[in-house]
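Coordinate analysis (summary)
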Amino acid sequence: MSTRGKKGWILAFSLPCLVLFCLVYAIPFVMVITTSFCDYSLTQSPVFEGLKNFKTIFADPDFSVSIVNTLKWVLIQSTLHVGFGFVMALILRRKPKGWKFARVAYVIPNIVPTAATAVMVSLLLNPSFGVIKIIYEKFGLDTTQVLNLFGNSKYAFMTVTATWVFYSGFNMLIFMGEMGAISPDIYEAAMVDGATPAQADRYITIPLMKNAFGTCVVLASVAMVSQFDIIYMTTKGGPGNATLNLPTYLYKIITLENNYGKANAVGVIQIALGLVLVILIQKLFNQKQEMKEV
């Protein structure tokens, strides 16, 4: 087959994917950017207004809160969440008794849909019939003093965070896969030189996990920039704006104001924030440089 014939077949097989990509991603992406500069609602065609939507957003105190909360969750997810996955991988790499069961059990919460997880946790922590009330009754405490953890602005943020931060099964699998690629000869040589298992982890395992850490931090950061279902199903961004983040802020603009131009402006900021975080994380872990060297 000639080179031209091969290119023709490549194009023929690639065309459906290209069309689907344009319809699902490229065209909507361009529309979001263009309509973010317009006055646009379901009852009104887009009318160009320049930077008015962005000026309105940046003047809104709720937007500032949503940015701060989003960045807080990015930081927590990139440190605690990824850290839990790494610690679990270190433990399971040594294959202690029952390690296979522990590995499966730790991954199961990540398989459950996040919306379902949010509903289960909100029911468990319900002050009227949840597990907290049962604990109060068991210890003879006043059940009227049961805290509504999701409804209290002092505790809502960390309560929502706790619904997902400990379940780092996917990160654990990524770390375990990276650890499995390390040659056993390196550890054997270290043991011969008198290194303890803790020293081997400190001086061999952790330095060689750089790419895995970078990948997990990128995934964690992007997930937090777009996190919506758990927050909406538990607090809807409340009480007040205690758990408001960019996706819930965007949703409120659409449902309460019917302002699609303003909502798309928030979407543009959300996309830009995600890109900036990915670029910064790649530079932090020097991922692009290492890929070029490989």
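One can find the structure itself at the top, above this paragraph.
Described in the following lines is the structure provided in the data block. Per-chain numbering applies: the sequence of each chain, read as written, is numbered from 1 onward. Residues qualify for local features only when their pLDDT is at least 70, as the model is predicted, and side-chain atom pairs are given and counted only at 80 or more; totals for whole chains, interfaces and linings, by contrast, use all residues. Excluded from the side-chain calculations are hydrogens and water; all other atoms, namely the structure's heavy atoms, are used.

To continue, consider helix H5 (residues 114–124). Here the term buried applies to any residue with accessible area under 20% of the maximum for its type, exposed to any over 50%, and partly exposed to those in between, with areas from a 1.4 Å probe on protein chains only. By definition, any uninterrupted DSSP run of H or I lasting at least four residues is a helix, any uninterrupted run of E lasting at least two residues is a strand, and each is numbered from the N terminus. Taken together, the buried positions of H5 are Thr117, Ala118 and Val121. For H5, the angular spread of buried residues about the axis comes to 100 degrees, placing them on one side. As for H5, its buried residues are in contact with helix H4 (99–111) and helix H12 (229–234). Picture the helix axis, draw a direction to every C-beta atom, and the arc is the one those directions span. The contact rule is simple, with two residues in contact once any of their heavy atoms fall within 4.5 Å.

Looking at the largest pocket, its volume works out to about 380 Å³. Buried and open spaces are told apart on a 1 Å grid over the protein atoms alone, a cavity being a set of points where a 1.4 Å probe fits but cannot get out and a pocket being an open set with protein on both sides within 12 Å along at least five of seven lines. Residues with an atom within 4 Å of a point are the lining residues. The wall of the largest pocket is formed by 18 residues, among which Gln77, His81, Asn110, Tyr167 and Phe170 lie closest to the centre. Per element, the largest residue contribution to the lining of the largest pocket is 4 residues, and it comes from helix H11 (residues 210–225). Under this grouping Gly is polar, as are all residues other than the nonpolar Ala, Val, Leu, Ile, Met, Phe, Trp, Tyr, Cys and Pro and the charged Asp, Glu, Lys and Arg. Taken together, the residues that form the lining of the largest pocket break down as 10 nonpolar, 8 polar and no charged. A volume near 190 Å³ is recorded for the second largest pocket. Listing elements by their share of the lining of the second largest pocket, those giving two or more residues are helix H1 (3–35), helix H13 (246–257) and helix H14 (260–285). Looking at the lining of the second largest pocket, the element that brings in the most residues is H14, giving 6 residues. Grid points are joined across faces, edges and corners, and a volume is the space filled by probe spheres set on the points.

Note on patches: the residues involved have over 30% relative accessible area and no salt bridge, like charges join within 9 Å, and the nonpolar side chains Val, Leu, Ile, Met, Phe, Trp and Tyr join within 5 Å. Only the protein chains shown count as cover for residues, and the accessible areas themselves come from Shrake-Rupley with a 1.4 Å probe. When a carboxyl oxygen of Asp or Glu lies within 4 Å of a side-chain nitrogen of Lys or Arg, that pair is called a salt bridge. Side chains of Leu15, Leu18, Val19, Leu20, Phe21, Leu23, Val24, Tyr25, Ile27 and Met31 sit close together on the surface and give an oily, nonpolar patch of about 1000 Å² of accessible area. Relative to the helices and strands, Leu15 is located in helix H1. Among the residues examined, Leu15 registers a relative accessible area of 43% and is labelled partly exposed.

Our focus in this paragraph is the side chain of Ser66. Structurally, the position occupied by Ser66 is in helix H3 (residues 61–93). Look at Ser66 and you get buried, because its relative accessible area is 0%. Apart from residues lying up to four places away in sequence, Ser66 is in contact with Leu244, Asn245, Leu246 and Tyr249.

The subject of this paragraph is unusual backbone geometry. Trans peptide bonds make up the majority, and among non-glycine residues the majority have a negative phi. Gly238 connects to Pro239 through a cis peptide bond whose omega is -5 degrees. The residue Pro239 is located in the loop between H12 and H13 in this model. Positive phi, normally seen in glycine, also occurs at Asn258, with a value near 55 degrees. Assignment of secondary structure puts Asn258 in the loop between H13 and H14. Residue Asn258 is classed as partly exposed on the basis of its relative accessible area, which comes to 27%.

Our focus in this paragraph is the pattern of salt bridges. All chains considered together, the criterion is met by 4 salt bridges. Between Arg94 and Asp201 there is a salt bridge whose closest N-O contact spans 2.1 Å. Linking Arg94 in the loop between H3 and H4 with Asp201 in helix H10 (residues 197–208), this pair joins segments that are 107 residues apart in sequence. Owing to a relative accessible area of 44%, Arg94 belongs among the partly exposed residues under this scheme. Using a relative accessible area of 7% as the deciding quantity, one classes Asp201 as buried. Put simply, Lys262 and Glu257 hold a salt bridge, and the shortest N to O gap is 3.3 Å. Given a relative accessible area of 6%, Lys262 falls into the buried group. The class for Glu257 is partly exposed, based on a relative accessible area of 44%.

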